[in-house]
Amino acid sequence: MDVAGILKETGALLEGHFLLSSGLHSGGYVQCAKLLRFPDKAAQVLGVVVDQVKDLDFDLVCGPAIGGIIVSYEMGRQLGKESIFTERVDNQMVLRRGFEVPKGSKVLITEDILTTGKSSYECIDAILGFGCEVVGIACIADRREAGTELSLPVYSALKLEIKNYSPEACLLCSEGKIELEKPGSRKQSI
């Protein structure tokens, strides 16, 4: 399956100058909401990830709001697993809305995009107090740079190589030709 082609077709692959949720800057961005507005295309793309995790031993999927909610739902639907999500309260990920993770549960974290793992690990921190085990992170696109290692296995529909920059070393800022945009949901100033 041509996952990159589907992302391009839906307008999800963007070029410009972006402030990522991690605080890094980038010349590329994946706006998964543009893919997720088409349930049939989202189901196809996430089916690639479902094929990778279908034989894993886990009980439920949990995604961080906002990007991981639909991903969690669709993966849960395809896998026949419960789907829950965490959300920010006072800039901290928490489990709300009566969601619980039964003690001893095995959980797969679901994300739209994985860059540094910050949102995923905030989601993990919110649920570990329930006495669960996290078995991995599943996402639409893994855009971690080489050397960005995580302590959990990652399952993705697509691996992207998009250069990120610290704000101080951003080539796009120094050129000053393209205005910085903040397309993500995390509260931060430009």
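Everything here concerns the structure above.
What this report covers is the structure whose coordinates are included nearby.

Thresholds, definitions, all that
Residues numbered from 1 in each chain as written. Predicted model: local features only at pLDDT ≥ 70, side-chain atom pairs only at ≥ 80, totals over all residues. Heavy atoms only, no water. Helix = DSSP H or I, 4+ residues; strand = E, 2+ residues; numbered from the N terminus. Buried < 20%, exposed > 50% of the residue type's maximum accessible area, 1.4 Å probe, protein only. Polar contact = N/O pair within 3.5 Å; in protein donor to acceptor, adjacent residues only side chain to side chain. Contact = heavy atoms within 4.5 Å. Pairing = 2+ DSSP bridges. Axes fitted to C-alpha atoms, helices over the stretch in contact; angles between N-to-C directions. Parallel < 35°, antiparallel > 145°, perpendicular 65-115°, else oblique. Left-handed = near helix turned anticlockwise from the far one by under 90°. Nonpolar A, V, L, I, M, F, W, Y, C, P; charged D, E, K, R; others polar. Salt bridge = Lys/Arg side-chain N within 4 Å of Asp/Glu carboxyl O. Disulfide = S-S within 2.5 Å. Phe/Tyr/Trp six-rings, centres within 6.5 Å; stacked < 30°, edge-to-face > 60°. Lys NZ or Arg CZ within 6 Å of the ring centre and 35° of its normal.

## Examining the side chain of Thr10
Locating Thr10 in the fold gives a position in the loop between helix H1 (3-9) and strand E1 (13-19). Here Thr10 falls in the buried class, since its relative accessible area comes to 2%. At a separation of 3.1 Å, a polar atom in the side chain of Thr10 contacts the main-chain carbonyl oxygen of Leu7. Residues within four places of Thr10 in sequence aside, it is in contact with Lys34, Leu35, Arg37, Phe38 and Lys41.

## Some words on the pairing of strand E2 (residues 25-30)
Taking burial as the measure, the six residues of E2 include five buried ones, the bulk of the element. Pairing analysis gives five bridges linking E1 to E2, with the strands arranged antiparallel. Note that in E2 the partner of Phe18 across the bridge is Ser26. The hairpin turn running from E1 into E2, its antiparallel successor, is five residues long, and Gly23 in that turn takes a positive phi close to 95°. By the bridge criterion, two bridges tie E2 to strand E9 (residues 164-165) in an arrangement that is antiparallel.

## Quick notes on the packing of helix H3 (residues 39-53) against helix H4 (residues 67-79)
Where H3 meets H4, the axes come as close as 10 Å, and the angle between the chain directions of the two elements is 60°. As judged from the angle between their axes, H3 and H4 are oblique. The way H3 lies across H4 gives a crossing that is right-handed. Taken together, the residues of H4 that come into contact with H3 (itself represented by Ala43, Leu46, Gly47, Val49, Val50 and Val53) are Val71, Glu74, Met75, Arg77, Gln78 and Leu79. Broken down by class, the residue content of the contact of H3 with H4 amounts to eight nonpolar, two polar and two charged.

## Some remarks on the pattern of salt bridges
Across all of its chains, the model carries 10 salt bridges by this definition. Between Asp51 and Lys54 there is a salt bridge whose closest N-O contact spans 3.8 Å. For Lys54, a relative accessible area of 48% gives the class partly exposed.

## A closer look at the state of the cysteines
Every disulfide links exactly two cysteines, by a covalent bond between their sulfur atoms. This structure, assessed with the given rule, holds zero disulfides. Counting only cysteine sulfurs, Cys123 is the nearest neighbor of Cys62, a cysteine outside any disulfide, at a range of 3.6 Å. For Cys62, a relative accessible area of 0% gives the class buried. Free cysteine: Cys139, not disulfide-bonded; nearest cysteine sulfur from Cys32 at 8.7 Å.

## A word on the packing of aromatic side chains
For any two aromatic rings, the description comes down to two numbers: the centre-to-centre distance and the angle of the planes. For the structure on display, the rule yields two aromatic pairs. Ring plane angle 35° and centroid distance 5.4 Å describe the contact between Phe18 and Tyr29, whose orientation is recorded as tilted. Linking Phe18 in strand E1 with Tyr29 in strand E2, this pair joins segments that are 11 residues apart in sequence. For the pair Phe18 and Tyr29, one class covers both residues: buried. On the numbers, 5.2 Å between centres and 80° between planes, the contact of Phe85 with Phe99 is edge-to-face. Separated by 14 residues along the polypeptide, Phe85 in strand E4 (residues 82-89) and Phe99 in the loop between strand E5 (92-95) and strand E6 (106-114) bring together distant segments of the chain. Directly above the aromatic system of Phe38 lies the positively charged group of Lys41, at a separation of 6.0 Å from the ring centroid. Positioned above the aromatic ring of Phe58, the side-chain terminus of Lys81 is 4.8 Å from the ring centre.

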